[in-house]
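Geometric and topological summary
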Amino acid sequence: MTVTLNAALDVTYELGRVTIGDTNRVDRVRECPGGKGLNVARTLDALGEPVLACGLLGGRTGEVIRTGLAATGVRTVFTTIRGESRRTVVLAEPGRTTVVNEPGPTVTSDEWQAFRAGFAEILATSGAGVAVLSGSLPPGVPVDAYAELGRACAAAGIRVVLDADGEPLRHGLAGRPAVVKPNVDELARLRLGDGAPLLAAAQAVRAAGATAVVVSRGPDGLVAVTPDGAWAAVPPVVTGNPTGAGDALVAALARGLAHGSAWPDRLRDGVALSAATVQAEGAGSFDMSTYRALLPRIELSPLTLP
């Protein structure tokens, strides 16, 4: 299952060049349900994995998101809130992408408690073995929400993949997730092992509660520190829109966790799927033939931990 507490309607403007302070003419507009967890859910669904998406939705934008998800066939159980779900605007130029994120609606205490009650029922009835907790928290949701949800998952025997930033990530480690997936900047903002090299910083995240840490590095692939060893995985050079590439990696990590795949296989799979997403039109989408062609081209190297 995936949890998206700050779902969004992703609006992508494709244009030749963005000029700040001037009028910009858009060549093409695309809209799709977004937010990190929904991107993960749509990717898993495209891979043929059974997935349930849950979270918070509100207002007209929330209804557009709900309708868009229904059209994909992804199963959903959302808690309705009074506030308006947010939009994210992507300005996609050749070779450059600019993202503008709205903060999201304010969630009341009663709405949060309603979600928690629904989440407890989902844990008891969904049959899910893995939960993906990802993305930002809207105003009003407690900063330790991912720790709270993570502990509930653990009590139900469900393993967690956590993909967050800042304080929600720091607090989320207390839920002892099976996998944490920060990017390089998010890892640095945690300031665990402050100033330490990447591998040492990842080990500090493990010491703080994560079983495994996978650090995404954009076009340079990833570095992973796991109970079974450490690796770097690097894709061939690809170009396109990187929006949602990290979510594709999370989808692959969740799938690998659910199926008990060996870590090297999970990492190759994640980098190939992420690279295929970069070459696709929008977040949460990829071309299956591109993904399969990229898979044998991923370079995987073992690393020595300090």
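Structural notes, computed from the coordinates.

1. Regarding the sheet that holds strand β12 (residues 222–226)
Taken in spatial order, the 10 strands make up an open sheet running β5-β4-β1-β8-β9-β10-β11-β12-β13-β14, and their pairing is mixed. The sheet is open, and its two edges are formed by β5 (75–81) and β14 (299–303), each paired on a single side. Of the pairings in the sheet, the one linking strand β4 (residues 52–58) to β5 comprises seven bridges and is parallel in character. Pairing of L56 across the sheet is with T79, part of β5. Across the face of the sheet, helix α7 (residues 198–207) comes into contact with β10 (179–180), β11 (212–216), β12 and β14 while running at roughly 45° to β12.

2. Notes on the side chain of D10
Position of D10 relative to the elements: it lies in strand β2 (residues 8–14). R42 provides the closest opposite charge to the buried, salt-bridge-free D10, at an N-O distance of 5.1 Å. Side-chain polar atoms of D10 contact the side chain of T88, separated by 2.3 Å.

3. Notes on the pairing of strand β8 (residues 130–134)
The buried fraction of β8 amounts to five of the five residues, a majority that puts the element mostly inside the structure. Along β8, one buried face is formed by V130, V132 and S134 and the opposite face, lined by A131 and L133, is buried too. Two strands pair when backbone bridges link them, and strand β1 (residues 2–4) and β8 are joined in this way by two bridges, in the parallel orientation. Paired with T2 across the two strands is V132, which belongs to β8. The pairing of β8 with strand β9 (residues 159–163) spans five bridges and is parallel.

4. Description of α7
All of the buried residues in α7 are L199, A201, A202, A204 and V205. Buried residues in α7 make contact with β10, α6 (184–190), β11, β12 and β14. Two residues or fewer after α7 comes G209, characterised by a positive phi angle close to 145°.

5. Digging into the state of the cysteines
One pass over the structure, following the stated rule, counts zero disulfides. For the unlinked cysteine C32, the closest cysteine sulfur is that of C54, found at 19 Å. With no disulfide of its own, C153 has C54 as its nearest cysteine by sulfur position, at a separation of 8.7 Å.

6. Overview of the layout of surface pockets
Volume-wise, the largest pocket comes out at about 1200 Å³. P242, T243, G244, A245 and G246 are, among the 48 residues lining the largest pocket, the residues nearest its centre. Every element with two or more residues in the lining of the largest pocket is listed here: α1 (36–46), β6 (86–93), β7 (96–101), α6, α8 (245–259) and α9 (263–278). Among the elements that take part in the lining of the largest pocket, α9 stands out by supplying five residues, more than any other.

7. So, the packing of helix α3 (residues 109–125) against helix α4 (residues 145–155)
It is at 10 Å that the axes of α3 and α4 come closest, and there the two elements cross at 25°. When the axes of α3 and α4 are compared, the pair comes out roughly parallel. As α3 packs across α4, the resulting crossing turns out to be right-handed. Facing W112, F115, R116, F119 and L123 of α3, the residues of α4 in contact are A145, E148, L149, A152 and C153. Its residues assigned to classes, the contact of α3 with α4 shows eight nonpolar, no polar and two charged.

8. Focus: the sheet that holds β7
Either a parallel or an antiparallel arrangement is found when strands of a sheet pair, and the pairing is made through backbone hydrogen bonds. Within the open sheet, the four strands sit side by side as β3-β2-β6-β7. Their pairing is mixed. Of all the strands in the sheet, the pair left with one neighbour each is β3 (28–34) and β7. Pairwise comparison of adjacent strand axes, ignoring direction, gives a mean angle of 20° for this sheet. Bridging between β2 and β3 involves seven bridges; their strand directions are antiparallel. Bridge pairing in β3 places Y13 opposite V29. Packed on one face of the sheet, α1 meets β2 and β3 and runs near 90° to β3. Relative to the sheet, helix α2 (residues 59–72) contacts β2, β3 and β6, its axis offset from that of β2 by approximately 85°.

Thresholds applied
- Along each chain, the written sequence defines residue order, and numbers are assigned to residues from 1.
- With pLDDT at 70 or above as the cut-off, local features in this predicted model cover only qualifying residues; side-chain atom pairs require 80 or more to be listed or tallied, and sums for whole chains, interfaces and linings still use all residues.
- Calculated side-chain values reflect all of the structure's heavy atoms, with hydrogen atoms and water omitted.
- For two strands to pair, DSSP has to find at least two bridges joining them.
- Runs of E in the DSSP output that reach at least two residues are strands. Runs of H or I that reach at least four are helices, and both are numbered from the N terminus.
- When checking whether two residues touch, look at their non-hydrogen atoms; a contact exists if any pair is within 4.5 Å.
- Comment: axis = line fitted to C-alpha atoms, over the contacting stretch for helices; angle = value between 0 and 180 degrees taken between N-to-C directions.
- For each residue, the accessible area found with a 1.4 Å probe, counting protein chains only, is set against the maximum for its type, and the residue is called buried under 20%, exposed over 50%, and partly exposed in between.
- Within this scheme the basic residues Lys and Arg register as positive and the acidic residues Asp and Glu register as negative, but His and the chain ends are omitted.
- Counted as salt bridges are all cases of a side-chain nitrogen of Lys or Arg within 4 Å of a carboxyl oxygen of Asp or Glu.
- Here a polar contact is taken to be a pair of N or O atoms separated by no more than 3.5 Å, where protein atoms must pair a possible hydrogen donor with a possible acceptor and residues adjacent in sequence count only if both atoms sit in side chains.
- Disulfide assignment relies on a single distance test, namely cysteine sulfur atoms paired within 2.5 Å.
- Lining residues are defined by having an atom within 4 Å of a point belonging to a cavity or pocket. Those points lie on a 1 Å grid over the protein atoms alone, cavities being sets where a 1.4 Å probe fits but cannot get out and pockets being open sets with protein on both sides within 12 Å along at least five of seven lines.
- Grid points are joined across faces, edges and corners, and a volume is the space filled by probe spheres set on the points.
- Angles below 35 degrees are treated as roughly parallel, those above 145 as roughly antiparallel, those between 65 and 115 as roughly perpendicular, and all remaining angles as oblique.
- A crossing counts as left-handed when the near helix is turned anticlockwise from the far one by less than a right angle, and as right-handed when that turn is clockwise.
- Note on residue categories: nonpolar means Ala, Val, Leu, Ile, Met, Phe, Trp, Tyr, Cys or Pro, charged means Asp, Glu, Lys or Arg, and polar means any other residue, Gly included.

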